[in-house]
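Survey of secondary and tertiary structure
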Amino acid sequence: MLSVERLTKRFGGLAANEDVSFEVGRGEIIGLIGPNGAGKTTVFNSLAGFFPPSSGQIRLDGQPVAGLPPERMAALGVARTFQIVRIFKSMTVLENVMVGAMLHHRAVPAAIGKAREALRFTGLDRRAGDPASQLTVAEQKRLEVTRALACEPRLLLLDETMAGLTQNEVQEAVELVKRIQARGIACVVVEHVMEGIMPIADRMVVLERGRVIANGPPRAIAEDPVVVAAYLGEEYRAPGP
Ligand SMILES: Nc1ncnc2c1ncn2[C@@H]1O[C@H](COP(=O)(O)OP(=O)(O)OP(=O)(O)O)[C@@H](O)[C@H]1O
Ligand SMILES: [Mg+2]
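Since the model is a prediction, treat every value here as computed from it, not as a measurement.

A few points about the coordination of the magnesium ion (ligand 2)
For the magnesium ion (ligand 2), the protein coordination sphere consists of T41 (OG1) and Q83 (OE1), at 2.0 to 2.2 Å. Taken together, the residues span a long stretch of sequence, with T41 in helix α1 (residues 40–47) and Q83 in the loop between β6 (78–80) and α3 (93–101) at a distance of 42 residues.

Structural data, given as structure tokens:
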């Protein structure tokens, strides 16, 4: 469904992404990992249309989409969350989700219906009337996922939605990603929380200094000496069979 082909993004002299290639199939979960500054969020910014890549191509169902603006990428079914949550704190939870729903439902009653459905799906419906500022960190992250889901995406880009969560909250976030996948939505998941992404990823793509250094199933990635040296360290051990 998504094909990233030799994607390169330069900021002045720095190549934040260089020749990054990977593919995402319909309904797949892809883990995108690597050290701080490796270029993970930059990949999301290119995929979501926040800036045009310097070179390379992005294809959705074979159609070239690199360089399209965010509203076009959203209309084509690409939705994202932000590493630093960008919710509208003065608005209610429901209103935040309506912002996403209005992408495809311009009429307010329809947008409310769609937003409520998304809130029920993510379990935030009992908070619908509360100001977003009153949410816990975990709920704020879940609200961003809900708003993205209300855009009815085919491809969801999740940027560190498990960061700062307790172990129980990470497990809840993992369950949510699996339920999103069960709806046929593909997810690219940027995470530093390995116990959150490793068990659910179909494949892992590892970035270091803007380049892909490994791409494969989680178990192989966890044991890849190049990945262990560059990022995982010795302390991460894949769960036993
Ligand atoms: N808009 C920008 N202008 C200039 N440099 C940028 C910009 N965005 C990112 N960079 C640089 O590109 C490199 C990759 O950054 P990016 O945010 O993609 O890394 P990351 O893998 O998401 O890191 P982290 O795990 O810390 O979130 C970094 O050196 C960063 O400083
Ligand atoms: Mg980042």
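Resuming the write-up.
Structural notes on the pairing of strand β1 (residues 2–11)
Pairing geometry for β1 and strand β2 (residues 14–24), over seven bridges, is antiparallel. Across the sheet, F11 pairs through a bridge with L14, a residue of β2. With antiparallel pairing between neighbouring strands as the criterion, β1 and β2 make up a hairpin whose turn holds two residues, including G12 at a positive phi of roughly 60°. Sheet topology places β1 next to strand β4 (residues 55–60); five bridges connect them, and they run antiparallel. Residue pairing for β4: E5 is matched across the bridge by Q57.

Side note on the nonpolar core
Membership of the largest hydrophobic core comes to 36 residues, with the highest contact counts inside it found for I33, L156, V177, I180, I197 and I221. A total of six residues in this core trace back to one element, the largest contributor, which is helix α6 (residues 167–182). Ignoring any residue separated from it by four or fewer positions in sequence, one finds L156 in contact with A79, A148, L149, I180, I185, A186, C187 and V188.

Criteria and cut-off values
- Residues numbered from 1 in each chain as written.
- Chains lettered and ligands numbered in written order.
- Predicted model: local features only at pLDDT ≥ 70, side-chain atom pairs only at ≥ 80, totals over all residues.
- Heavy atoms only, no water.
- Donors = N, O, S within 2.8 Å, 3.2 Å for Na, K, Ca; no water.
- Helix = DSSP H or I, 4+ residues; strand = E, 2+ residues; numbered from the N terminus.
- Pairing = 2+ DSSP bridges.
- Core = buried A, V, L, I, M, F, W, Y, C linked by side-chain atoms within 4.5 Å.
- Buried < 20%, exposed > 50% of the residue type's maximum accessible area, 1.4 Å probe, protein only.
- Contact = heavy atoms within 4.5 Å.

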